[in-house]
Amino acid sequence: MAAAVMDGLDEESLQELRSRATRLLLKEDWEGYAAVCSRIVHAAATTDRRVLCSALAHRADARARLGDRPGALADCDAALAADPAHPAALLAKGALLRGLGRYALAADCFRAALHAGAGGGADEAREMLDQCRRLEAQARSGAVDLSDWVLAGFSGKCPDLAEFVGPVEVRQSAHGGRGVFAVKSVEAGGILMISKAVATGRGVIPDAADSDEKMVVWKDFVDKVLDAAEKCPRTASLIYSLSTGEEQKDELAVPDMALFKQEPEDLSDGVQEVGTREVLDVDRIMKVLDVNCLTEDAPSANFLGNNGIVNCGVGLWIVPSFLNHSCHPNARRTHVGDHAIVHASRDIKAGEEVTFPYFDVLTPMGKRREAARAWGFECRCDRCRFEAEDAVLRQEFVRSENELVNGGADMGALVVRLEDKMRKSMVKERRKAFVRASFWSAYSSLFDNGRLVRKWGRRVPGEAVIAESVAGAVGGDESLLRAMLRGANDGNGCGNRLEVEDKVVRIGRATYGKVVKRQAMRALFRLTLEADNSKSL
């Protein structure tokens, strides 16, 4: 451009602003970068369309990084109004729409950028176009394939996932309050929902008992939640749909599932006027966080990406927060990045309530009751009712639990006594699974000790048989999967080799969900066994 004057800004001044913008960009000073872009936008508004569109696209990127999505979208639209085929503006708008979950519309932007000749951004546009197509399909089907990431040893960036609400809906629960129910049958491993966290807080705490460090993580997390709610009315409304824990159970309204299935074409929902922020009911949000946050201490989080690095993680995932607890759960969550994948850990029938464990349910009833009280409820699932009300076995449950708590007992003798009692009382297989789940630590101690196995092994079903039985009570679990794998390797499975392999895969699907193909599933199995070996060192 010749030495034109743009609203008092000559070519030399323009070059100085561009140099300043470059320095701010390298420093990732997005506020300063946006301010310099604003000066260029103002100067070029009526004189140079090319400079104007470029400055608007760059300011859009800066605003997006600052969390100002409405301002960023407004900049993209202004640039495209001046030049509908401006590649940088199309790329910026595509990135914004992708972040909002509007994958089809984002794909249109990336496709248009390629047609317009995206230049140096062509490779990015092609990559983003392919990714948006994949995420759009995932948002509709819930199909996840993390195989490449798993086989690469979880290296590199965590895979992008699309939010998905599957064949479930929120209804009034028979146990009071609200719960999530399956609207059609789902087999073990089937994906029920994929939910991105409103916010997460994570920290590496050498001493797990360090409450001060945990408070720092919690404060950081709360600040992120409040910031997200202030910036987005839709996020605030979703948070308000959750219970504060103070309502009467019959006062809780059942939300329309459309609230959680935002239509991709509706761009106005979730953004607001530039410069405005939601006025929050902070007290209500704090109460919601007290009773709805989930921790990332689910064992599978360590396998699917965290690799033990994060030992203190908390987050708010909206739809999973509606799931109730059961000691006989049929679902399980896996954390991948900021997403929680909830899958069926047992076969679920249409109309059945979907539940997952809020705490370790492979423990006796006394410990589970203590944990439930800490959460502020009493579990009345069929497993808890059986253990509390069975007149024949109740005394044996109390005795065995006391032996576990006090230590020093011969775990082999305890297990054999339980098995003999159940056999003599003709306890049905389903209830045997409940008992074995409650005393799983005793069974594990037996199978982990070669001396005890030699002494008591012939009087107890094989390790794989017990693991398969317990999986019927609690669904998939790493410790059960390890037992099945060891049983298969030792030839102590239940059936021939092909039958045992099929059972191992079924428990693997119940543990991790249908998120990898068979070859990658073997890699997860190897990690499971390695974790087991490291614990025994």
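- Looking at an unreviewed UniProt entry, one finds the chain named SET domain-containing protein and attributed to Hordeum vulgare subsp. vulgare.

Quick word on the pattern of salt bridges
Alright, step 1. Applying the stated rule across the entire model yields 38 salt bridges.
Alright, step 2. Connected through shared salt-bridge partners, E396, R399, E403 and R417 make up one network.

Quick look at the sheet that holds strand β3 (residues 178–182)
Alright, step 1. The strand order β2-β3-β10 describes an open sheet built from three strands, whose pairing is antiparallel. Here the strands that pair on one side only, and so sit at the sheet edges, are β2 (168–172) and β10 (353–354).
Alright, step 2. In terms of strand pairing, β3 meets β10 through two bridges, oriented antiparallel. In the strand pairing of β10, F181 is matched with E353.

Details of the environment of N292
Alright, step 1. With respect to the element layout, N292 can be found in helix α11 (residues 282–292).
Alright, step 2. A relative accessible area of 7% means that N292 is categorised as buried.
Alright, step 3. Once the C-alpha coordinates of N292 and W317 are considered, the two residues, 25 residues apart in sequence, prove to be 8.3 Å apart.
Alright, step 4. At 2.8 Å, the side chain of N292 and the backbone oxygen of V288 are in polar contact.

Side note on helix α6 (residues 103–115)
Alright, step 1. Counted at 1.5 Å a residue, the expected span for α6 with its 13 residues is 18 Å, and the 18 Å between its end C-alpha atoms agrees.
Alright, step 2. Buried residues of α6: Y103, A106, A107, C109, F110 and A113, and no others. Taken end-on, α6 shows its buried residues confined to a sector of 160 degrees, consistent with a single buried face.
Alright, step 3. Looking at the buried residues of α6, the elements they touch are α5 (87–99) and α7 (122–141).
Alright, step 4. Backbone geometry just after α6 places G117 at a positive phi near 85 degrees.

Brief notes about the packing of helix α3 (residues 49–65) against helix α4 (residues 69–82)
Alright, step 1. Across the interface, α3 lies against α4 with an axial gap of 8 Å and an inter-helix angle of 160 degrees. As the angle between them shows, α3 and α4 are arranged roughly antiparallel. The crossing of α3 and α4 is left-handed. Between α3, through R49, C53, L56, R59, A60, R63 and A64, and α4, the contact on the second element is made entirely by G71, A72, D75, C76, A78, A79 and A82.

As for the packing of α4 against α5
Alright, step 1. Between α4 and α5, the shortest axis-to-axis distance is 9 Å and the interhelical angle comes to 145 degrees. Between α4 and α5 lies a crossing of left-handed hand. Taken together, the residues of α5 that come into contact with α4 (itself represented by R69, A72, L73, C76, D77, A79 and L80) are A89, L90, A92, K93, L96, L97 and G99.
Alright, step 2. Looking at side-chain class alone, the contact of α4 with α5 contains ten nonpolar, one polar and three charged residues.

With respect to empty space enclosed by the protein
Alright, step 1. By the definition in use, this model includes one cavity of 30 Å³ or more.
Alright, step 2. Put simply, the largest cavity is a space of about 40 Å³.
Alright, step 3. Among the secondary structure elements, those contributing two or more residues to the lining of the largest cavity are α13 (365–375) and α14 (382–389).
Alright, step 4. A breakdown of the residues in the lining of the largest cavity according to their chemical character gives four nonpolar, no polar and four charged.

A closer look at the packing of aromatic side chains
Alright, step 1. One pass over the structure, following the stated rule, counts ten aromatic pairs.
Alright, step 2. Summarising the aromatic geometry, the rings of W30 and Y33 are spaced 6.1 Å apart at their centres and angled 80 degrees between planes, so their arrangement reads as edge-to-face. With W30 and Y33 both in helix α2 (residues 30–44) and three residues apart, this pair spans about one turn of that helix.
Alright, step 3. Taking the relative accessible area as the measure of exposure, W30 reaches 14% and is therefore buried.
Alright, step 4. Judged by relative accessible area, which is 6%, Y33 ranks as buried.
Alright, step 5. What links up through ring pairs into an aromatic cluster is the set F356, Y358, W375 and F377.
Alright, step 6. Across from the ring centre of F356, 5.4 Å away, lies the NZ or CZ of R333, which sits over that ring.

Quick look at the nonpolar core
Alright, step 1. The biggest cluster of nonpolar side chains holds 65 residues, and the ones touching the most others in it are L146, V150, W440, Y443, V470, V474 and V516.
Alright, step 2. The dominant element in this core, judged by the number of residues it contributes, is helix α20 (residues 463–474), at seven residues.
Alright, step 3. Each residue touching V516, except ones within four places of it in the same chain, is listed here: D145, L146, S147, V150, R509, M521 and L524.
Alright, step 4. Residues A182, A236, F260 and V354 belong to the second largest nonpolar core, which totals 47 residues.

Definitions and cut-offs
- Residues numbered from 1 in each chain as written.
- Predicted model: local features only at pLDDT ≥ 70, side-chain atom pairs only at ≥ 80, totals over all residues.
- Heavy atoms only, no water.
- Salt bridge = Lys/Arg side-chain N within 4 Å of Asp/Glu carboxyl O.
- Pairing = 2+ DSSP bridges.
- Helix = DSSP H or I, 4+ residues; strand = E, 2+ residues; numbered from the N terminus.
- Buried < 20%, exposed > 50% of the residue type's maximum accessible area, 1.4 Å probe, protein only.
- Polar contact = N/O pair within 3.5 Å; in protein donor to acceptor, adjacent residues only side chain to side chain.
- Expected span 1.5 Å × (residues − 1).
- Arc of directions from axis to C-beta.
- Contact = heavy atoms within 4.5 Å.
- Axes fitted to C-alpha atoms, helices over the stretch in contact; angles between N-to-C directions.
- Parallel < 35°, antiparallel > 145°, perpendicular 65-115°, else oblique.
- Left-handed = near helix turned anticlockwise from the far one by under 90°.
- Nonpolar A, V, L, I, M, F, W, Y, C, P; charged D, E, K, R; others polar.
- 1 Å grid on protein atoms, 1.4 Å probe; cavity = no way out; pocket = protein on both sides within 12 Å on 5 of 7 lines; lining within 4 Å.
- Points joined across faces, edges and corners; volume = space filled by probe spheres on them.
- Phe/Tyr/Trp six-rings, centres within 6.5 Å; stacked < 30°, edge-to-face > 60°.
- Lys NZ or Arg CZ within 6 Å of the ring centre and 35° of its normal.
- Core = buried A, V, L, I, M, F, W, Y, C linked by side-chain atoms within 4.5 Å.

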